[in-house]
Amino acid sequence: MIFCGIELMPGQKERVPLPVPGAQSLDTVCLCGAALGKTLVVTAGVHGCEYVGVQALRRLAAELDPAELSGNVIFLPLANPTGFYAGAKRVVPEDGVNLNRAFPGDPAGTLSVRLAHALEATLYPAADFLADLHSGDCNEALYPLVFFPTAGTEAVNQAACTAAQALTVPYRVRSTAKNGLYSWAVQNNLPAILIERGGMGTWSEPEVDACCEDVRSLLRHLEILPGGNLTREQEEIVEARYVEAPSNGLWLPTVGLNERVRQGALLGRLEDLAGQCIWEVRAEFDGIVLYHTVGLGVEAGDPLIAYGHP
């Protein structure tokens, strides 16, 4: 296995720096299996306040034994380290850009697009499959789910959907995104998914355990780990609405996570400081609440709530 110019021998585990133009390298952990097989790349820490995936990759990097693998694994626990250490909501602090909206990257751009360039230039060519780990941000409550693509080729979409069905999350959500770490991978014909667990700037051992199991499930699905593949019971979300604030205001949700709502139901209100209603959010169809903002104050363009139609 060769990654970023470093050669690993079968059965070897190594920390390998991933170079970023004009910035500090990112830390990866590479595991070269004792036998040949596919390569799984797993990333986390794209957003600074999403912690479950970071902890899961740290644990898995220590626990997995490359001698037991048929294939290779590359973990990137912190894709946005300055955002992580600064506790920055959604963005790379140096330029205020959401890294998951910075693809395709540019080696001559601001830090976020240089990071995007580094990730696509090094991780995509090395991978047979990519999984990006996320949570609700520090102001978001979220129910566990996995996004799988519908904007790639039929073969890539199907490979990603089949892999998503091996996970323990209850919801599998169709996605048309194209400019994120995982969705730009799909545009480059690399099967990829985005897994969401946790939120509100916290993490717990049960959430980390579940996230680790999701990664192990992918490893078994790709036959990198032995044990066979399982298809889990999931509900597929065929249509979703992602509602953003039209202006600054105070957000008051009226529904909870995983709540089933009927078309026309009030999901929340945006008010001004004096208590006047600026905007009401009502369900456009029968659905399930997937995540919502728990912060009281929101800016124009901030996410408020997402719900999906199964």
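As shown above, the structure is provided for reference.
Calculation criteria
Residues numbered from 1 in each chain as written. Predicted model: local features only at pLDDT ≥ 70, side-chain atom pairs only at ≥ 80, totals over all residues. Heavy atoms only, no water. Helix = DSSP H or I, 4+ residues; strand = E, 2+ residues; numbered from the N terminus. Rg over C-alpha atoms; globule rule 2.2 N^0.38 Å. Buried < 20%, exposed > 50% of the residue type's maximum accessible area, 1.4 Å probe, protein only. Pairing = 2+ DSSP bridges. Expected span 1.5 Å × (residues − 1). Axes fitted to C-alpha atoms, helices over the stretch in contact; angles between N-to-C directions. Contact = heavy atoms within 4.5 Å. Core = buried A, V, L, I, M, F, W, Y, C linked by side-chain atoms within 4.5 Å. Phe/Tyr/Trp six-rings, centres within 6.5 Å; stacked < 30°, edge-to-face > 60°.

With that out of the way, let us pick up the overall build of the protein chain. Looking only at helices and strands, one finds six helices and 20 strands in the protein chain. In terms of C-alpha radius of gyration, the protein chain reaches 19 Å, essentially the compact-globule figure of 19 Å for 310 residues. Judged by the C-alpha coordinates and their principal axes, the protein chain covers about 65 × 45 × 35 Å. When each of the 310 residues of the protein chain is scored for burial, the buried share is 53%.

Another aspect to go through is the sheet that holds strand E14 (residues 249–253). Two strands in a sheet stick together by hydrogen bonds in their backbones, pointing the same way (parallel) or opposite ways (antiparallel). Taken in spatial order, the four strands make up an open sheet running E17-E16-E14-E19, and their pairing is antiparallel. Unpaired on one side and paired on the other, strand E17 (277–282) and strand E19 (297–298) mark the two borders of the sheet. The pairing of E14 with strand E16 (residues 266–271) spans four bridges and is classified as antiparallel. Paired with Pro253 across the two strands is Gly268, which belongs to E16.

Moving on, we come to the pairing of E16. Bridging between E16 and E17 involves five bridges; their strand directions are antiparallel. Pairing of Leu266 across the sheet is with Arg282, part of E17.

Our focus in this paragraph is helix H6 (residues 205–221). Its 17 residues place the ends of H6 24 Å apart at the C-alpha level, agreeing with the 24 Å of an ideal helix rising 1.5 Å per residue. For H6, the full list of buried residues reads Val208, Ala210, Cys211, Cys212, Asp214, Val215, Ser217, Leu218, Leu219, Arg220 and His221. Glu223, located one to two residues past H6, shows a positive phi value of around 65 degrees.

Across the sheet, nine strands lie side by side as E3-E4-E6-E5-E7-E11-E9-E10-E12; this open sheet has mixed pairing. Of all strands in the sheet, those bounded by a partner on one side alone are strand E3 (13–20) and strand E12 (235–237). Within the sheet, the average angular offset between the axes of one strand and its neighbour, ignoring direction, is 25 degrees. Taken together, the five bridges between strand E7 (residues 129–134) and strand E11 (residues 192–196) define a ladder with parallel strand orientation. Bridging from a neighbouring strand, Leu133 pairs with Ile195 of E11. The strands touched by helix H1 (residues 52–63) within the sheet are E3, strand E4 (23–32), strand E5 (35–43), strand E6 (70–76) and E7, with E6 carrying the most contacts at an inclination of about 140 degrees. Most of the contacts of helix H4 (residues 154–164) go to strand E9 (residues 145–149), to which it runs at about 165 degrees, and overall it touches E7, E9, strand E10 (171–175) and E11.

It is worth spelling out the nonpolar core at this point. Formed by 46 residues in total, the largest nonpolar core has its most connected members in Leu99, Leu119, Leu123, Tyr124 and Leu130. With eight residues, the single largest contributor to this core is helix H3 (residues 111–126). Residues in contact with Tyr124, not counting those within four places in the same chain, are Phe103, Leu119, Leu130, Gly180, Leu181, Trp184, Ala185, Asn188 and Leu190. The next biggest cluster of nonpolar side chains, apart from the first, holds 38 residues, and it includes Val29, Val42, Val146 and Phe148.

Summed over all chains, the structure comprises five aromatic pairs. Measuring from ring centre to ring centre gives 5.2 Å for Phe285 and Tyr307, while their planes differ by 50 degrees; the resulting arrangement is tilted. Taken together, the residues span a long stretch of sequence, with Phe285 in the loop between E17 and strand E18 (287–293) and Tyr307 in strand E20 (residues 303–309) at a distance of 22 residues. Classification of Tyr307 by relative accessible area gives buried; the value is 1%. Following the ring pairs from residue to residue traces out a cluster consisting of Tyr51, Phe84 and Tyr85.

For the rest of this paragraph, the subject is unusual backbone geometry. That bond from Phe103 to Pro104 is cis: its omega, 0 degrees, falls within 30 degrees of zero. Positionally, Pro104 belongs in the loop between helix H2 (81–86) and H3. At Cys4, a residue that is not glycine, the phi angle is positive and equals roughly 50 degrees. In this structure, Cys4 sits in the loop between strand E1 (2–3) and strand E2 (6–7). For Cys4, a relative accessible area of 30% translates into the label partly exposed. The phi torsion at Asn189 lies on the positive side, around 65 degrees, for a residue other than glycine. Tracing the chain through its elements places Asn189 in the loop between helix H5 (181–187) and E11.

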